[in-house]
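Structure at a glance
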Amino acid sequence: MSHGFETLAIHAGQDPEARTGAVIPPIYQTSTYAQDAVGAPRQGYEYSRSGNPTRDALQECLAALEGGSVGLAFASGLAAEDTLLRTVCKPGDHVVIPDDAYGGTYRLFAKVAERWGLDFTPAKVSDPAAVRDAIRPTTKIVWVETPTNPLLGIADIAALAAVTHDKNALLVVDNTFASPYLQQPLAFGADVVVHSTTKYIGGHSDVVGGALVVADAGLGDGLRYHQNAMGAVNGPFDAWLTLRGIKTLGVRMDRHCDNAERIAAYLDGHAKVAQVLYPGLPSHPGHETAAKQMRRFGGMISFRAAGGEEHAVEICNRAKLFVLAESLGGVESLIEHPGRMTHASAAGSPLEVPGDLVRLSVGIETVDDLLADLEQALG
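Here is a short report on the structure shown in this document. (Residues numbered from 1 in each chain as written. Predicted model: local features only at pLDDT ≥ 70, side-chain atom pairs only at ≥ 80, totals over all residues. Heavy atoms only, no water.)

With respect to the pattern of salt bridges
Taken as a whole and assessed by the stated rule, the structure comprises 17 salt bridges. When the shortest N-O distance is used, the salt bridge between Glu309 and Arg340 registers 3.1 Å. Of this pair, Glu309 sits in helix H12 (residues 309-318) while Arg340 sits in the loop between strand E13 (334-336) and strand E14 (357-361), placing them 31 residues apart in sequence. Residue classification places Glu309 among the partly exposed residues on the basis of a relative accessible area of 34%. Note on Arg340: relative accessible area 46%, which makes it partly exposed. Here Glu314 makes a salt bridge to Arg318, at a shortest N to O gap of 3.7 Å. (Salt bridge = Lys/Arg side-chain N within 4 Å of Asp/Glu carboxyl O. Helix = DSSP H or I, 4+ residues; strand = E, 2+ residues; numbered from the N terminus. Buried < 20%, exposed > 50% of the residue type's maximum accessible area, 1.4 Å probe, protein only.)

Right under this line is the structure:
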C-alpha cells in the first residue's frame, strides 16, 4: 500500500518500539552492543559507527521520502559529499560542478578533492548543452544543485539525466534547497540525492547532519561500505533530532513557501531592489522548469541591492527579525551577505557571487512582520 508524503514522514522507519510500544523511536545512546556469541551480533548490531537503530530509522525514512532504495545519514552535508566522491571517484577522474554552488561544496572540490587528484570543471547547469560540452571521457559525476545556492538557478533534472547517462556518468543532485517535499530528483532520473539535513529536513537550527539517497541498491552498498570505513556518521541524538524535524517537514515547507511568495512579490516591486532571484516569479528564467519538477518554489530568495555592495551589507546589518546568520531552512528567518559569509571561499573563482547580493532564508513567522522588517532594513 502506497502512502502520501506526510504519512511517510511520520511513519516510515518509525514503527512503535517492540519492547515497550514507545511511539517515538528511542535514542540508542550506545557505542557498542552485547553479542549473543562470537560472530553472532544481535540483529546485526555490533558497533554504532557501523550501525545504530536510531540512525537506521532516519535512514529508512529518508529513503522513503526521496523514493530511493538506500538512504544513508552522515555527520554533515559535506561529510556525505566527501563519502560520495571517494566512493565513486579515484585520482585522475573528473567531475562537472555547477557554476553556482554552495561555497563549502566548491571548497571541498577546490581545496581538498583536487589535491587528492580529482579534477573538476564548472558548467552552467541550467544549460544541458553546456553541461554536455564540459563532460570528458574521465567524467564520473555531473553534480547539480537545483535551485542553486545562492543565485537560485534551476536545472532541468530529466534533461541532465539524459545527457549524463549518455556519457556513462552519474547525476548527483543536491536537493537541500528544495527538500524532498518539494522535489524528488530520483523520479526524474538522478542517480544520487544529496542533502544537508541541517537545513529544511531538520528544520529547527539545532542539529547538523547530511544524507545520501540512491536508486540503485548496488551503489547504495558501496556507499554504505564507505560510510562505515570513513566513519563520518551522525550520532544517535543527532539522528533522533533530525527524525523529529522530518515529521513536520510538509507543513513547514508549505508555510515557508507561502511566506516566500509574498516576500518575493514585495521585493520585486521595490525601488531599492535591482533584481529578485526566486523561481516562483514568472520572470525567472527557470520558472517553467521549476514548475515542472517542483511541488512549489521553496523558501529561499536572493536579491541584488540597487545601491551596490555596501547597501547590501547595510541591509543585512539593519535587519532585526531576519537574523544575520549563515545556514538556512530553519523555522526562523535568516539574512546573509553570501560574498562575505557562506560563499567567501569562492572569491576569485568562477563561482564568485556578486557583491550586491543578499540571501534570505524565509522562515515561518507571521509574514506581515517579516515584510515590515525588510521595509525598514532596505532603508
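Quick look at the sheet that holds strand E11 (residues 300-305)
Pairing is mixed across the open sheet formed by five strands, whose spatial order is E10-E11-E14-E13-E12. Single-partner strands in this sheet number two, and they are strand E10 (273-277) and strand E12 (323-324). The pairing of E13 with E14 spans three bridges and is classified as antiparallel. Counted as the bridge partner of Glu336 is Arg359 from E14. (Pairing = 2+ DSSP bridges.)

Topic: the packing of helix H3 (residues 77-88) against helix H4 (residues 103-113)
Put simply, H3 and H4 touch, their axes get as near as 11 Å, and they point 35° apart. In the packing of H3 onto H4, the handedness of the crossing is right-handed. Contacts between H3 and H4 involve Leu78, Glu81, Asp82 and Leu85 from the former and Gly104, Thr105, Arg107, Leu108 and Phe109 from the latter. Taken together, the residues of the contact of H3 with H4 sort by class into four nonpolar, two polar and three charged. (Axes fitted to C-alpha atoms, helices over the stretch in contact; angles between N-to-C directions. Left-handed = near helix turned anticlockwise from the far one by under 90°. Contact = heavy atoms within 4.5 Å. Nonpolar A, V, L, I, M, F, W, Y, C, P; charged D, E, K, R; others polar.)

Notes on unusual backbone geometry
Residue Pro147 is bonded to the preceding Thr146 through a cis peptide linkage, with omega at -5°. Along the chain, the position of Pro147 falls in the loop between strand E6 (139-145) and helix H6 (157-166). That bond from Asn149 to Pro150 is cis: its omega, 15°, falls within 30 degrees of zero. Here Pro150 lies in the loop between E6 and H6. Notably, Ser179 is not glycine yet its phi reads approximately 75°, a positive angle. Looking at where Ser179 falls in the secondary structure, it is placed in helix H7 (residues 179-182). One non-glycine residue, Ser327, adopts positive backbone phi at about 80°.

Details of the nonpolar core
The nonpolar side chains of a soluble globular protein tend to be buried, and buried together. Ile263, Ile301 and Leu360 are the most contacted members of the largest nonpolar core, which has 77 residues in total. Per element, the largest residue contribution to this core is seven residues, and it comes from helix H10 (residues 249-268). The next biggest cluster of nonpolar side chains, apart from the first, holds 30 residues, and it includes Leu108, Ala110, Val194 and Leu351. (Core = buried A, V, L, I, M, F, W, Y, C linked by side-chain atoms within 4.5 Å.)

A few points about the environment of Leu324
Topologically, Leu324 is positioned in strand E12. Considered as a pair, Leu324 and Ile335 are eleven residues apart in the sequence and their alpha carbons are 5.0 Å apart. The residues contacting Leu324, other than those within four sequence positions of it, are Cys316, Asn317, Ile335, Glu336 and Met341.

Observations concerning the sheet that holds strand E3 (residues 70-74)
One open sheet accounts for seven strands, arranged E3-E9-E8-E7-E6-E4-E5; its pairing is mixed. With one partner strand each, in any of the chains shown, E3 and strand E5 (119-123) form the two edges of the open sheet. Neighbour-to-neighbour, the strand axes of the sheet open up by a mean angle of 20°, direction not taken into account. Taken strand by strand, helix H8 (residues 217-230) contacts E3, strand E7 (170-174), strand E8 (192-196) and strand E9 (210-214), and its axis lies near 20° from that of E3.

What to know about the side chain of Gln293
Within the secondary structure, Gln293 sits in helix H11 (residues 287-293). The buried category is assigned to Gln293, whose relative accessible area is 4%. Within polar-contact distance, the side chain of Gln293 engages the backbone oxygen of Ala155 at 2.7 Å. At 3.1 Å, the side chain of Gln293 forms a polar contact with the backbone nitrogen of Ile157. (Polar contact = N/O pair within 3.5 Å; in protein donor to acceptor, adjacent residues only side chain to side chain.)

What to know about H4
Summarising burial for H4: eight of the eleven residues are buried, a large majority. Listing the buried residues of H4 in full gives Gly103, Gly104, Thr105, Tyr106, Leu108, Phe109, Ala110 and Ala113. Check the buried side of H4 and you find it contacts H3, strand E4 (94-98), E5 and E6.

Some remarks on the environment of Ala113
Among the secondary structure elements, Ala113 is positioned in helix H4. Take Ala113: its relative accessible area is 6%, and that puts it in the buried class. Between the alpha carbons of Ala113 and Pro26 there is a distance of 37 Å; along the sequence they are 87 residues apart. Discounting chain neighbours no more than four positions away, the residues touching Ala113 are Leu108 and Leu118.

A short note on the packing of aromatic side chains
If you walk through the whole model with that rule in mind, you get six aromatic pairs. Both rings, one in Phe109 and one in Trp143, keep their centres 5.6 Å apart while their planes meet at 85°; by these two values the pair is edge-to-face. Taken together, the positions of Phe109 in helix H4 and Trp143 in strand E6 put the pair 34 residues apart, joining distant regions of the chain. Judged by its relative accessible area of 0%, Phe109 falls in the buried class. What makes Trp143 buried here is its relative accessible area of 0%. (Phe/Tyr/Trp six-rings, centres within 6.5 Å; stacked < 30°, edge-to-face > 60°.)

Distances and angles like these do not, on their own, reveal function.
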